[in-house]
Amino acid sequence: LKAGKNVVITSGLLAALKDKGIDDIVELQCTGRKVAVRNYLGGYGPGNGIQLAGADSKNPMVMIPEIRFLTNDAWQLVSAVEADTGFPILLMDRYSKGILYILTIPENQGDLYNYPQGVLTAIKRVLLRDFPVWTDSPAKVSVFAYDNHTFVLQSFLGEEADVNISLPPGVSKLRDIVTGTEISPGPTTRTADEPRQRVQGPRRPTFPVRIPPHSYEVFSFEP
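Residues numbered from 1 in each chain as written. Predicted model: local features only at pLDDT ≥ 70, side-chain atom pairs only at ≥ 80, totals over all residues. Heavy atoms only, no water.

**Q** Help me understand the sheet that holds strand β9 (residues 134–136), please; the structure alone is not making it clear to me.
**A** The strands making up a sheet associate through backbone hydrogen bonding, with each pair oriented either parallel or antiparallel. With antiparallel pairing, 3 strands are arranged side by side in an open sheet as β9-β12-β17. Each edge of the open sheet carries a strand with a single partner, namely β9 and β17 (206–211). Within this sheet the neighbouring strands show an average axis-to-axis angle of 30°, counted without direction. Across 3 bridges, β9 lies against strand β12 (residues 161–166) in antiparallel orientation. Looking at the pairing, threonine 135 lines up with isoleucine 165 of β12. (Pairing = 2+ DSSP bridges. Helix = DSSP H or I, 4+ residues; strand = E, 2+ residues; numbered from the N terminus. Axes fitted to C-alpha atoms, helices over the stretch in contact; angles between N-to-C directions.)

Put into structure tokens, the structure is as follows:
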């Protein structure tokens, strides 16, 4: 953090580091209470929330630990909202020259798969800021990226999955290596905003694909 890097920790590590130095870095506290959530917002700052998933009884209830934080010090980038109360899913706070992110892990870790697609995508856009491949996809669709402009998408789902693949700015071509098919780009997406700034990053090209159940596909991209 002092070197200006971004650091990500989990809510579990935050709790474990209490009275062991973390209190000198951030004013955050795991209260020990648990809350069941199913409605989610993204964004930060007053009036800047974006509905990620909510008002939908089909969203499974997820039990998460409560993190107490000081507003205007730490900011919720992704939050759960129940009974007009917000509970952080992804928090950010500054320390020295760096940024510390805290990711809330559900009481049952398997419930990470029950975070709605919009929540997972919002988290990935922050945590994978420097990663070449982002995906907007349901849970249980994995990405394996390599350093030669190739990557693998693997689906562990029992049904077809629609996936939007977001690649670095300037990429113009995406090809299915096995079939040789070239995928046409769809709408562009933005890189993650610098926290507390309204200026958006450069646009990233997005390519829509459909992955069959319990399968994987291999792609390559070109600048």
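That covers the picture; the talk isn't over yet.
**Q** Help me understand the nonpolar core, please; the structure alone is not making it clear to me.
**A** Soluble, globular proteins show a tendency: their nonpolar side chains are buried together. Grouped together as the largest cluster of nonpolar side chains are 23 residues, with contacts concentrated most on Val37, Tyr40, Ile64, Ile89 and Tyr115. Broken down by secondary-structure element, the contributors of at least two residues to this core are β2 (28–37), β5 (62–69), β6 (75–82), β7 (85–95), β8 (98–103) and α2 (117–127). Setting aside residues no more than four positions away along its own chain, tyrosine 115 makes contact with Tyr40, Val62, Ile64, Ile89, Thr104, Pro106 and Leu120. Membership of the second largest hydrophobic core comes to 17 residues, among which are Val133, Ala161, Leu167 and Ile211. (Core = buried A, V, L, I, M, F, W, Y, C linked by side-chain atoms within 4.5 Å. Buried < 20%, exposed > 50% of the residue type's maximum accessible area, 1.4 Å probe, protein only. Contact = heavy atoms within 4.5 Å.)

**Q** Mind showing me how you'd approach the sheet that holds strand β10 (residues 141–145) here?
**A** One open sheet accounts for 5 strands, arranged β10-β11-β18-β13-β14; its pairing is antiparallel. Both outer strands of the open sheet, β10 and β14 (182–183), are each paired with one neighbouring strand and no more. Bridging between strand β13 (residues 173–176) and β14 involves 2 bridges; their strand directions are antiparallel. Bridging from a neighbouring strand, leucine 174 pairs with isoleucine 183 of β14.

**Q** I keep staring at the packing of aromatic side chains and nothing clicks. Help me out?
**A** The description of two aromatic rings rests on the distance between their centres and on the angle between their planes. The tally for this structure, following the rule as stated, stands at 3 aromatic pairs. Taking 6.0 Å as the distance between ring centres and 80° as the angle between the ring planes, the aromatic pair formed by tyrosine 40 and tyrosine 115 counts as edge-to-face. Taken together, the residues tyrosine 40 in strand β3 (residues 40–42) and tyrosine 115 in the loop between β8 and α2 connect sequence positions 75 residues apart. In this structure tyrosine 115 comes out as buried when scored by relative accessible area, which is 2%. When the ring of phenylalanine 151 is compared with that of phenylalanine 219, the centres are 5.4 Å apart and the planes differ by 25°; the resulting orientation is stacked. Of this pair, phenylalanine 151 sits in strand β11 (residues 150–155) while phenylalanine 219 sits in strand β18 (residues 215–222); the two residues are 68 residues apart in sequence, bridging distant segments of the chain. We classify phenylalanine 151 as buried; its relative accessible area is 0%. When the ring centre of tyrosine 113 is taken as reference, the NZ or CZ atom of lysine 140 above it lies at 5.3 Å. Over the ring of tryptophan 134 we find arginine 204; its NZ or CZ atom is 3.8 Å from the centre of that ring. (Phe/Tyr/Trp six-rings, centres within 6.5 Å; stacked < 30°, edge-to-face > 60°. Lys NZ or Arg CZ within 6 Å of the ring centre and 35° of its normal.)

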